[in-house]
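The chain contents come next:
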Amino acid sequence: SYSFCTLLKHPEKMSVLIKGGVVVNDDREFEADVLVKGDKIAEVGKDIKADGVEKVINAKGKYIVPGGIDTHTHMQLPFMGTKSVDDFDFGTRAAVAGGTTMLLDFILPGKGVSLLKAYDDWRSWADPKVNCDYSFHCAVTWWSEEVSREMEILVKERGVNSFKIFMAYKGVFMLRDDEIYAAFTRCKELGALAQVHAENGDIIDIQQKKLLKMGITGPEGHCMCRPADVEGEATTRAIMIADQVNTPVYIVHVMSKEACDAIARARAEGKVCFGEPIAAGLGTDGTNCWSHDWRHASAFVMGPPLRPDPTVKCHLMKGLASGVLACVGTDNCTFNADQKALGKDDFSKIPNGVNGIEDRMSVVWEKGVKTGLLSKQQFVAATSSTAAKIFNMYPQKGRIEVGADADIVVWEDKKRKISKDTHHHAVDFNIFEGMEVHGVAHTTLSRGKVVWENGKLAIKNGTGRFVARKPFSPYCYDKIQPREAERAPKRVKRDPYTGPVIKLK
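These figures come from a predicted structure and were not determined experimentally.

Undergrad: Before we move on, could you go through the overall build of the protein and cite the residues and values that matter?
TA: Looking only at helices and strands, the protein has 16 helices and 18 strands in total. Scaling as 2.2 N^0.38, a compact globule of 505 residues should have a C-alpha radius of gyration of about 23 Å, and the protein matches this with 23 Å. By its C-alpha atoms, the protein is 95 × 60 × 45 Å across when sized along the principal axes. Per-residue burial over the protein gives 61% buried out of 505 residues.

If you want it as structure tokens, here you go:
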């Protein structure tokens, strides 16, 4: 089984018995009880005795599913001159209230900043605050031999096995194609997963300036300067570069039909690529950016943008259902009204980001399971198990079985209405405001400790643990090595040319 290191505090050693529910994994579902001892699942089976158990949870009529894994968050991120308001405390409060027990946040160093220094900074922000387990991806925002060396240290000594490259945010985070090729090559050498924010940054930069010059300064300009083709082209290019290197690639926050279809074509051709839709793209759309209420419109600004075509969300859900898209993140990066107002006269200065971590699993259940597009097993795969496999945490995470971490959710098919007035985020807006969903977390266990039950939190800051992840995830890399020999260039053996050669002047 997978060995976890760099662990923080041990949870309280107690026993919990979850009785009478239906266990749902990504490959099967069955009626069973689940016994937890300490921070591990100790037994799964029928009619487990409650003798000596300290807490019994009645799951009759409910589902027992693996704790959710949010693959994409930005807690207390310094960005565009301010900082996202969901820090690692509020962000993980919201997570466990919605059934998510593990998040993968992004270290985002500026150009010229040491990746190791940034890692230390992010750990210092997270460790004292987290209420559930977490781990880190790291962005590569500039390229040099120093960055290459530090990537190796992060993989071998810090437990980071995924690196994000930006094709957008020109002059800030964006890499050129030759730098992307070099970064992908380094990921392959280290067994890390290359991730990509796929938008054509050069076109966005030109279009931003053009629209502002035309007097289009509102949030709608953000969507106009980053049309779906800009995302589709970059997605195709990212997959092409990864295929040339022969390394797996993971496209973060897939937000358009064009990007989803590019991934579908690539996977049909046998390319090793994964696509990540997010809760926002599955649950709402970009028509909100045309609202006459500037505050409302600005709340939906994120990159890549939510599309004004309201059919996109169904297209993405169908991509998830068919296996084209892999697992659901959120890009949770929240800013209050007064922060969004930094761009009141210039849409390019609106801090990009929306909420999602608390409502992610409910949105996937409502838009996927309740519409008949996803089975309950596919729901578990999309919200937990596939992420655990891709990022090399399976089966310690993402599964209900003996020996796995006791990250468990008692999930109830019950109605609730989403609202900023009841959510657990620090932000003053919710992009899903008023949406009725039917899937809710009744009880959430993080490492065996009940952290959410019957609408109430029971948390203690710093009890979450940093999860170090090993490289060369079999789910991503098993196909790579055989292709290396198959694709190796072979020279043609021929007699040397001995004929005449013209002389150039």
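Undergrad: Explain helix α5 (residues 201-213) to me, using residue names and the numbers behind them.
TA: For α5, spanning 13 residues, the distance from its first C-alpha to its last is 18 Å, which sits close to the expected 18 Å at 1.5 Å a residue. Buried residues belonging to α5 abut α6 (219-224) and α7 (228-245). A side-chain oxygen of the first residue of α5 lies 3.2 Å from the backbone nitrogen of D202; this N-cap is N200. Backbone geometry just after α5 places G215 at a positive phi near 90°.

Undergrad: Report on the pairing of strand β17 (residues 449-453), specifying residues and quantitative values.
TA: When strand β16 (residues 436-446) meets β17, the two strands line up antiparallel, connected through four bridges. What sits directly across from T444, in β17, is W452. Between β16 and β17, which pair antiparallel in sequence order, lie two residues; one of them, R447, sits at a positive phi of approximately 55°. Across two bridges, the pairing between β17 and strand β18 (residues 456-457) is antiparallel. When the sheet's bridge partners are listed, E453 is paired in β18 with K456. Linking β17 back to β18 in an antiparallel pair, the connection comprises two residues, with N454 at a positive phi of about 50°.

Undergrad: Lay out the side chain of E199 in plain terms, naming residues and giving numbers.
TA: With respect to the helices and strands, the residue E199 is situated in the loop between β12 (193-197) and α5. Within the structure, the side chain of E199 is placed 2.7 Å from the side chain of H197, a separation counted as a polar contact. Non-local contacts of E199, meaning those with residues more than four positions away in its chain, are made with M167, A168, I204, R226, V230, E231, A234, G303, P304 and P305.

Undergrad: How would you sum up the environment of T73? Please name residues and give values.
TA: Within the secondary structure, T73 is located in strand β6 (residues 68-73). Separated by 30 residues in sequence, T73 and L103 place their C-alpha atoms 7.0 Å apart. Discounting chain neighbours no more than four positions away, the residues touching T73 are L103, L104, D105, F106, T330, N332 and I357. A polar contact of 2.6 Å, which involves the side chain of T73, links it to the side chain of D105.

Undergrad: Please set out the pairing of strand β15 (residues 408-417) residue by residue, giving values where relevant.
TA: With four bridges connecting them, strand β5 (residues 63-66) and β15 associate as antiparallel partners. Looking at the pairing, I64 lines up with V410 of β15. Two strands pair when backbone bridges link them, and β15 and β16 are joined in this way by eight bridges, in the antiparallel orientation. Bridge assignment links D413 to a residue of β16, and that residue is G439.

Undergrad: I'd like a description of the pattern of salt bridges, backed by residues and values.
TA: Side chains carrying opposite charge are able to pair once their charged atoms draw close together. The tally for this structure, following the rule as stated, stands at 40 salt bridges. The closest approach of N and O atoms between D27 and R399, which form a salt bridge, is 3.2 Å. Of this pair, D27 sits in the loop between β1 (15-24) and β2 (29-37) while R399 sits in the loop between α14 (376-390) and β15, and the two are 372 residues apart along the sequence. Judged by its relative accessible area of 11%, R399 falls in the buried class. R123 is the partner of D127 in a salt bridge, and the nearest nitrogen-oxygen pair spans 3.1 Å. As far as burial versus exposure is concerned, D127 and R123 are alike and both buried.

Undergrad: Please provide a residue-by-residue account of the packing of helix α4 (residues 177-190) against α7, values included.
TA: Put simply, α4 and α7 touch, their axes get as near as 9 Å, and they point 50° apart. The angle between the axes of α4 and α7 places the two elements in the oblique class. As α4 packs across α7, the resulting crossing turns out to be right-handed. Judged by residue contacts, D177, I180, Y181, F184, T185 and K188 of α4 engage R237, A238, I241, A242, Q244 and V245 from α7. For the contact of α4 with α7, a count of residues per class yields seven nonpolar, two polar and three charged.

Calculation rules
Residues numbered from 1 in each chain as written. Predicted model: local features only at pLDDT ≥ 70, side-chain atom pairs only at ≥ 80, totals over all residues. Heavy atoms only, no water. Helix = DSSP H or I, 4+ residues; strand = E, 2+ residues; numbered from the N terminus. Rg over C-alpha atoms; globule rule 2.2 N^0.38 Å. Buried < 20%, exposed > 50% of the residue type's maximum accessible area, 1.4 Å probe, protein only. Expected span 1.5 Å × (residues − 1). Contact = heavy atoms within 4.5 Å. Polar contact = N/O pair within 3.5 Å; in protein donor to acceptor, adjacent residues only side chain to side chain. Pairing = 2+ DSSP bridges. Salt bridge = Lys/Arg side-chain N within 4 Å of Asp/Glu carboxyl O. Axes fitted to C-alpha atoms, helices over the stretch in contact; angles between N-to-C directions. Parallel < 35°, antiparallel > 145°, perpendicular 65-115°, else oblique. Left-handed = near helix turned anticlockwise from the far one by under 90°. Nonpolar A, V, L, I, M, F, W, Y, C, P; charged D, E, K, R; others polar.

Everything listed is a geometric property; what it means functionally is a separate question.
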